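Coordinates in review
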Amino acid sequence: MPALPVMIITLCVFALAYRYYSAFLAAKVFALNAGAQTPAYTRRDGQNYYPMSKWVLFGHHFAAISGAGPLIGPVLAAQFGYLPGLLWIVLGVVLGGAVQDFIILVASTRRGARSLVEIVREDVGRPAGLAAAIAVLFIVIVALAGLGFVVVNALAESSWGTFTIAASIPIALAMGIYIFGMNQGASGAVKTGSIVGVTLLLLAVLLGKFIPEIPWLHELFLLDRKGIIIALAVYGFFASVLPVWLLLAPRDYLSSYMKLAVVFLLVAGVIIVNPKLHFPAVTEFIHGGGPIVPGKVWPFCFITIMCGAISGFHALVASGTTPKMLSNECHARPIGYGCMLLEGLVAVVCLVAASAMHPGDYYAINVSAAVYEGLQDSLGIAPVNLSMLTQQVGETTLAGRTGGAVSLAVGMAQIFSAIPGLAGLMKYWYHFAIMFEALFILTTIDAGTRIARFILQEFCGRFYAPFKNPGWLPGNLLASAAVVACWGFLIWNASIKTIWPMFGIANQLLAAIALAVGTVILVEMKKVKYVWVTLIPMAFVTVTTLTAAIQMVLYHYWPPNAPAWVIQINIALMAVITTCALIIFAGAILKITKPSAIPERGCSFSQPQHKMSSPEEQDGPLG
């Protein structure tokens with residue numbers, strides 16, 4: 001099947017969803033008010049609370065939420081065929097993921113930029129709040145470990161990629177100082193800083209290809225797996241500690257240019273090249289027994305593809321850094337709903353890139369040699385272009401490069417190289433794609449570490465009050481170091497077999513929690529007739545994820561060569577997260593079924609009255 005119809009249908013569905021469904025949510029369900037003061041102004045401290053322009057914050061939010069999920073998940077789920085993943089991405093993002101991001105961003109903004117944990121404590125109850133604090137902290141650490149694992153595999157032994165990623169840090173620092181430190185975020189400074197920053201980043205990408213040819217620079221930036229983990233931990237610590245305007249926001253904003261440019265170039269490439277999808281719509285592995293994802297298509301396709309359809313991690317960003325920088329309540333629509341649609345588009349493009357490979361080449365890259373021999377014997381799957389691809393990308397071997405990142409880079413490079421005028425550059429496109437994947441994911445690591453630091457400080461503040469102040473330097477340093485140490489430890493001892501499914505289940509359980517909280521919020525707002533917008537996706541995600549968790553523990557994903565203590569830690573984490581989620585669900589059901597337990601808040605949370613803005617008032621004529 002050609003890929004063009006898939007891309008056209010996806011673009012049309014997303015455009016209609018944003019224009020009409022998000023407008024319905026903004027005007028009828030949330031009643032957004034452009035005149036309401038946001039926490040970025042009322043609590044402005046120059047450290048965490050700082051008003052950003054709509055598009056700077058759009059770039060930061062998109063960069064923060066766009067991690068490994070929309071890149072790697074669709075690639076791994078391609079073993080089921082392209083159709084299950086495609087349906088889940090398109091329907092999941094429109095009806096679930098974007099709705100979750102939108103409602104949590106609005107709720108947090110109207111409550112002083114409170115975190116998801118604080119919202120649970122206030123709206124669902126103190127026991128649920130305590131459970132949420134424990135669950136969210138564990139989930140974030142697992143999520144950061146899953147994201148970081150992919151970064152480590154992508155950058156290890158690549159001086160080109162490491163140099164480019166490293167260069168983005170001083171460029172972002174200079175942008176932050178110029179735009180926000182010297183010019184207080186003036187629009188002219190944003191424009192000038194963006195042009196210079198993007199130019200320098202592109203220059204770093206171009207110069208990166210010469211790094212392997214300069215011995216001392218090659219030696220400096222060529223890090224093995226352990227070296228990348230240490231460097232990643234150091235960066236995550238400083239990204240969490242430094243003021244948000246100095247490194248986090250400008251770096252994510254800068255990264256968003258590359259992310260968006262590559263995404264749109266990929267979309268254009270698919271439309272121009274119209275590659276053939278060599279994978280069938282569904283494969284024999286939908287019934288289980290797959291070489292990459294052992295379980296059946298339901299529920300395991302839905303935890304393998306997470307961020308591209310719905311992601312609980314996004315609820316932490318939407319109630320973490322973003323509401324502290326939202327300058328206009330109506331910006332929540334393009335940032336909350338629009339960014340998630342864009343991430344769904346990324347997932348579809350990655351699914352197309354993976355499905356355009358011949359199955360024999362795809363499996364040769366994504367499974368071990370022993371497993372691949374079994375596939376050749378049982379299914380007659382043989383490599384088609386593997387030797388030629390290996391030569392074209394300039395690698396010594398592609399076989400057995402598990403984890404999804406390498407096969408995605410090959411698929412992307414094939415599409416780019418097929419664009420007229422770009423043939424013969426596959427080696428450069430491949431290494432560019434590897435670097436792009438690392439940059440894409442790393443921006444979630446920095447925002448996620450900062451969010452986890454906020455959560456840990458809130459939790460520790462129960463026992464020692466100064467921790468509650470996010471600007472208290474000792475608490476900032478201690479919490480950041482603890483978070484980095486935890487996810488760094490998991491990465492150090494992880495494998496794709498153990499970390500990715502655990503990441504998927506933890507992430508989706510957090511999404512179910514966020515949708516449960518959203519349902520309580522709608523009841524609290526006296527919008528009972530609209531609770532279906534959160535209740536339906538919550539029910540589906542909850543049942544699917546709990547089923548996957550049970551099947552994972554009982555039947556799948558514990559390789560015989562994994563150390564026993566690693567498996568025990570993973571199962572313990574799963575048990576704690578699942579138990580906490582069930583406590584929160586019970587609290588939410590109690591609140592919903594006993595309306596008298598819900599305080600009178602009206603429909604505006606902290607504002608006495610809200611104007612119901614039209615889509616044109618919120619975002620201009622085109623939304």
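In short, a report on the structure. It should be emphasised that the depicted structure is a prediction, and the values quoted were computed from it without experimental measurement.

The next subject is the overall build of the chain. When you go through the chain residue by residue, the secondary structure sums to 25 helices and 0 strands. Relative to the compact-globule value of 25 Å for 623 residues, the chain shows a C-alpha radius of gyration of 23 Å, a close match. For the chain, with 623 residues in total, the buried portion stands at 63%. Within the chain, counting contacts between residues at least 6 apart in sequence, those at least 24 apart form 85% of the total. Accessible area for the chain stands at about 21700 Å²; split by element, carbon and sulfur atoms hold 69% of it.

The next thing to look at is the layout of surface pockets. Size it by volume and the largest pocket reaches roughly 590 Å³. Mapped by element, the contributors of at least two residues to the lining of the largest pocket are helix 7 (126-155), helix 8 (159-182), helix 19 (405-418) and helix 20 (426-460). Residue contributions to the lining of the largest pocket peak at 5 residues, all from helix 20. Grouping the constituent residues of the lining of the largest pocket by class yields 13 nonpolar, 9 polar and 6 charged.

Before going further, it helps to examine the pattern of salt bridges. For the coordinates displayed, the defined rule picks out 5 salt bridges. In this structure, Glu 122 and Arg 111 form a salt bridge, with 3.2 Å as the shortest nitrogen-oxygen distance. Of this pair, Glu 122 sits in helix 6 (residues 116-123) while Arg 111 sits in the loop between helix 5 (82-109) and helix 6, placing them 11 residues apart in sequence. Here Arg 111 falls in the buried class, since its relative accessible area comes to 5%. The salt bridge involving Arg 111 is made with Glu 524; its shortest N-O contact spans 2.4 Å. Of this pair, Arg 111 sits in the loop between helix 5 and helix 6 while Glu 524 is found in helix 22 (residues 496-524), placing the two residues 413 residues apart along the sequence. Both residues of the pair, Arg 111 and Glu 524, belong to the buried class. A network of salt bridges, in which partner residues are shared, links Arg 111, Arg 114, Glu 122, Asp 123 and Glu 524.

Another aspect to go through is the side chain of Ser 319. With respect to the helices and strands, the residue Ser 319 is situated in the loop between helix 14 (312-318) and helix 15 (332-355). One polar contact links the side chain of Ser 319 to the main-chain amide nitrogen of Leu 116, over a distance of 3.1 Å.

Here Ala 409 is to be found in helix 19. Separated by 23 residues in sequence, Ala 409 and Phe 432 place their C-alpha atoms 8.3 Å apart.

Tyr 337 and Trp 487 are the most contacted members of the largest nonpolar core, which totals 216 residues. Among the elements that take part in this core, helix 7 stands out by supplying 20 residues, more than any other. For Tyr 337, the residues in contact, after removing those within four places along its chain, are Ala 17, Tyr 18, Tyr 21, Ser 22, Leu 25, Val 94, Ala 98, Val 99, Phe 102 and Ala 332.

This brings us to the packing of helix 3 (residues 54-65) against helix 15. Helices that pack against each other are described as a pair by the angle of their axes relative to one another and the distance between those axes. Where helix 3 meets helix 15, the axes come as close as 10 Å, and the angle between the chain directions of the two elements is 45 degrees. When the interaxial angle is binned, helix 3 and helix 15 end up oblique. In the packing of helix 3 onto helix 15, the handedness of the crossing is right-handed. Between helix 3 and helix 15, the contacting residues are Lys 54, Leu 57, Phe 58, His 61, Phe 62 and Ile 65 on the first element and Pro 334, Ile 335, Gly 338, Cys 339, Met 340, Leu 342, Glu 343 and Val 346 on the second. Looking at the contact of helix 3 with helix 15 residue by residue, the class counts come to 10 nonpolar, 2 polar and 2 charged.

Okay, the packing of aromatic side chains next. Considering all chains together, one arrives at 20 aromatic pairs under this definition. Aromatic pair Phe 237 and Phe 238: ring centres 5.4 Å apart, planes at 85 degrees, arrangement edge-to-face. Overall, Phe 238 belongs to the partly exposed group, its relative accessible area being 44%. On the basis of an interplanar angle of 50 degrees and a centroid distance of 6.1 Å, the ring pair of Phe 279 and Tyr 363 is categorised as tilted. Here the residue Phe 279 occupies a position in the loop between helix 12 (248-273) and helix 13 (297-304), and Tyr 363 occupies one in helix 16 (residues 359-366), the gap between them amounting to 84 residues. For the pair Phe 279 and Tyr 363, a shared accessibility class is recorded, and that class is buried. Taken together, the aromatic side chains of Tyr 21, Phe 24, Phe 30, Phe 102, Tyr 337, Tyr 530 and Trp 532 make up a single cluster linked through ring pairs.

What counts and how
Residues numbered from 1 in each chain as written. Predicted model: local features only at pLDDT ≥ 70, side-chain atom pairs only at ≥ 80, totals over all residues. Heavy atoms only, no water. Helix = DSSP H or I, 4+ residues; strand = E, 2+ residues; numbered from the N terminus. Rg over C-alpha atoms; globule rule 2.2 N^0.38 Å. Buried < 20%, exposed > 50% of the residue type's maximum accessible area, 1.4 Å probe, protein only. Contact = heavy atoms within 4.5 Å. Areas by Shrake-Rupley, 256 points an atom, 1.4 Å probe, with all protein chains shown as cover. 1 Å grid on protein atoms, 1.4 Å probe; cavity = no way out; pocket = protein on both sides within 12 Å on 5 of 7 lines; lining within 4 Å. Points joined across faces, edges and corners; volume = space filled by probe spheres on them. Nonpolar A, V, L, I, M, F, W, Y, C, P; charged D, E, K, R; others polar. Salt bridge = Lys/Arg side-chain N within 4 Å of Asp/Glu carboxyl O. Polar contact = N/O pair within 3.5 Å; in protein donor to acceptor, adjacent residues only side chain to side chain. Core = buried A, V, L, I, M, F, W, Y, C linked by side-chain atoms within 4.5 Å. Axes fitted to C-alpha atoms, helices over the stretch in contact; angles between N-to-C directions. Parallel < 35°, antiparallel > 145°, perpendicular 65-115°, else oblique. Left-handed = near helix turned anticlockwise from the far one by under 90°. Phe/Tyr/Trp six-rings, centres within 6.5 Å; stacked < 30°, edge-to-face > 60°.

Shape descriptors only; they carry no functional weight alone.
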